[in-house]
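Reading the structure
The primary structure of each chain is shown beneath.
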Amino acid sequence: METQDANQGVDNQRQQAAASFKAFMLKNSTKSNLNLYDHLARLLTKVMDERPQNVVDVIEDMSRGVKRGLLQDNQSTLRDMPLTPAAQHLADQQRLLFSRVEEVDQEEELVETPLPNVSEIGYYMEQAGVGLGREEMQRIFLALKQLVESQPLQRCRLWGKILGTKSNYVVAEAEYREGEEEEEQTPEDEERETRDDYEENEVVEEIDPLPRSTYKSPPVVPKEANRTGVNKFGYYVCKEPGLPWVKLPLVSPAQINAARQIRKFFTGQLDAPIVSYPSFPGNEANYLRAQIARISAGTQVSPLGFYQFGEEEGDEEDEAPRDSYERNPDFEGIPVPEMAESLSNWVHHVQHILQQGRCTWVNLAAKPEDEFDEEGDAEEKEEEPDEPEPEVGPPLLTPLSEDAEIFNTPPWSSKMSSTLTSQYAVAVLRSNLWPGAHAYACGKKFENIYIGWGLKFAEKGYIPSVPPMPQKEYPSGPEITEAVDPSLEEEQALKAALEEQQAAQEDMEDMDEEEEDEDDD
């Protein structure tokens, strides 16, 4: 009995010691919040699952791996990598430029195409020290090919590249085939139509109408029609070769005149608002289109004699400005040294933009016949002011030697690409008024390109326009001028004068009545 009691006592002590030791092993660490019991259980489970060789030599590494697998990344200072980086997305888009969707016969490729030879243009521009690099020019070449295949274009050329603060614009100039271009409706036209419908349907009878303003806003200069003036060509832009091409809207005279008064860097986002003074009527897409029109009108040049006026236009009156030309088949080219030496061998082949914001002047004082009333037709015609003098700009194909200097700066600088090998050089022309505009000529070939910020040269720092004078609140006159209060003596004198006047009037009425009675008798 005593032996059994002693054995039970030993077993109880062992159980208590084991329980105590297990409790010790279950105690969590203050650093990692782990306990030894669970760690050994996981470690032994991993050993039994993997059964590595020489387990005694790798037990420490396995223990460290078990601990590392339990760590949780609750807080990380590293930013999550986006699933599709912008560079990878752009590479995926540009990869499509190098793929050939359909097999095209060689005979079809030899047919005349509106696609320009950008590789040749890039080669000559590289001789002139201007360009975007061969790799980027090749990607732009393929992007223009993609544009030509997706749009019914008659002519397409690389206009240039306008730089921005966030992204850039690759600009393509295009001309649609006859009858292929869709008429687009601008927000201004929609607003005008809505306003006209509202005025027609508005019939309100007011018992006591409120006073209406007599201010009349100046007449709006109408926008030039498509394929004429500043809207002669269409323009497409894309941020990078391979990204979708976006067609820019037509430009209005108000947008051109507003662009002349402000200086804004482009952001690279077409829907970005233009915050400026004076306010610009539109977003960055409209501002970009206005700047393209201004740059084209001032910097698009060609060798003298490359273009000529048609025979039909020559028979018309000299007063009508010419707005079109044709290529001269007899042009043989001008020697490169002469092109680089004299500006008289270069001419403008894009119409000049008038101060009105159009290429052709329109008379805003002329009213349609419907506005004249039949009764007061003659009177209104007599009161009409004299018609303004039509604004006339320099005609087409005007030599560059007639361009005026601005801020004592010559408008153009010309040179040869190389004086060492002049027999293979090209004539290079650079605009000083629009930095970034260049042109080259070599034999019968020439081209224009613009690579810059889209801003005109300014001699001094930009100074915003002065706000106009504030308008008068109301016309000042005696009927609304406040009078000084009269004194007591003046009131009594005025009252006496009024009583005398009233008495004299009554006497006159009595005398008239007596005369009428005598006549009746």
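Everything below is about the structure shown above.
Criteria and thresholds
- Residues numbered from 1 in each chain as written.
- Predicted model: local features only at pLDDT ≥ 70, side-chain atom pairs only at ≥ 80, totals over all residues.
- Heavy atoms only, no water.
- Helix = DSSP H or I, 4+ residues; strand = E, 2+ residues; numbered from the N terminus.
- Buried < 20%, exposed > 50% of the residue type's maximum accessible area, 1.4 Å probe, protein only.
- Contact = heavy atoms within 4.5 Å.
- Areas by Shrake-Rupley, 256 points an atom, 1.4 Å probe, with all protein chains shown as cover.
- Polar contact = N/O pair within 3.5 Å; in protein donor to acceptor, adjacent residues only side chain to side chain.
- Axes fitted to C-alpha atoms, helices over the stretch in contact; angles between N-to-C directions.
- Parallel < 35°, antiparallel > 145°, perpendicular 65-115°, else oblique.
- Left-handed = near helix turned anticlockwise from the far one by under 90°.
- Nonpolar A, V, L, I, M, F, W, Y, C, P; charged D, E, K, R; others polar.
- Expected span 1.5 Å × (residues − 1).
- Arc of directions from axis to C-beta.
- Phe/Tyr/Trp six-rings, centres within 6.5 Å; stacked < 30°, edge-to-face > 60°.
- Lys NZ or Arg CZ within 6 Å of the ring centre and 35° of its normal.

1. Focus on the overall build of the protein
When helices and strands are counted, the protein shows 14 helices and twelve strands. Split into buried and exposed, the 521 residues of the protein put 30% on the buried side. Looking at the protein alone, contacts between residues at least 24 apart form 64% of all its contacts between residues at least 6 apart. Looking at the protein as shown, the accessible area adds up to about 37,300 Å², and 50% of this sits on carbon and sulfur atoms.

2. A few points about the environment of Ala427
Mapped onto the elements, Ala427 comes out in strand E10 (residues 427-431). Spatially, the C-alpha atom of Ala427 lies 5.2 Å from that of Ala340, the residues being 87 residues apart in sequence. When near neighbours in sequence (up to four residues on either side) are disregarded, Ala427 contacts Val336, Met339, Ala340, Trp346, Lys415, Ala439, Tyr440 and Ala441.

3. Concerning unusual backbone geometry
For the bond running from Tyr277 to Pro278, omega is -5 degrees, close enough to zero to count as cis. Relative to the helices and strands, Pro278 resides in the loop between helix H9 (253-261) and helix H10 (284-299). Non-glycine residue Asn54 carries a positive phi angle of around 50 degrees. The topology assignment puts Asn54 in the loop between helix H2 (36-50) and helix H3 (55-70). What makes Asn54 exposed here is its relative accessible area of 56%.

4. Remarks on the side chain of Arg157
In this structure, Arg157 sits in strand E1 (residues 153-162). One polar contact links Arg157 to Glu447, side chain to side chain, over a distance of 3.0 Å.

5. Examining the packing of H2 against H3
Interaxial distance between H2 and H3 falls to 10 Å at its minimum, and their mutual angle equals 120 degrees. Compared by their axis directions, H2 and H3 come out oblique. For the pair H2 and H3, the sense of crossing is right-handed. Here His39, Arg42, Leu43, Lys46, Val47 and Glu50 of H2 lie close against H3, whose contacting residues are Val55, Ile59, Met62, Ser63, Val66, Lys67 and Leu70. Split by residue class, the contact of H2 with H3 holds seven nonpolar, two polar and four charged.

6. A few points about H2
Taking 1.5 Å of rise per residue, 15 residues should cover 21 Å, and H2 covers 21 Å from first to last C-alpha, within 8% of that figure. Looking at H2, one finds that the buried residues are His39, Leu43 and Val47. The buried residues of H2 occupy an angular sector of 70 degrees when the element is viewed end-on, so they sit on one face. Relative to its buried face, H2 has exposed residues pointing more than 90 degrees away, namely Leu44, Met48 and Asp49. Near the N-terminus of H2, the side chain that reaches the backbone nitrogen of Tyr37, with its oxygen 3.3 Å away, is that of Asn35. Looking one or two residues past H2, Arg51 carries a phi angle of roughly 50 degrees, positive in sign.

7. Here's the deal with the packing of aromatic side chains
Under the definition given, this model contains 13 aromatic pairs. Pairing Phe265 with Trp453 gives two aromatic rings, centres 5.4 Å apart and planes at 80 degrees, and the pair type is edge-to-face. Residue Phe265 is located in the loop between H9 and H10, and its partner Trp453 is located in the loop between strand E12 (445-452) and helix H14 (488-520); the two are separated by 188 residues in the primary sequence. Looking at Phe265, the relative accessible area reads 48%, which means it is partly exposed. Look at Tyr307 and Tyr325: their rings are 4.6 Å apart centre to centre, the planes differ by 50 degrees, and that puts the pair in the tilted class. Residue Tyr307 is found in strand E6 (residues 307-308), and its partner Tyr325 is found in the loop between helix H11 (311-314) and strand E7 (326-327); the two are separated by 18 residues along the sequence. Members of the aromatic cluster, each reached through a chain of ring pairs, are Phe306, Tyr307, Tyr325, Phe331 and Phe446. The ring of Tyr325 is capped by Lys232, whose NZ or CZ atom sits 5.1 Å from the centre of that ring.

Geometric descriptors of this kind do not, in isolation, establish any biological role.
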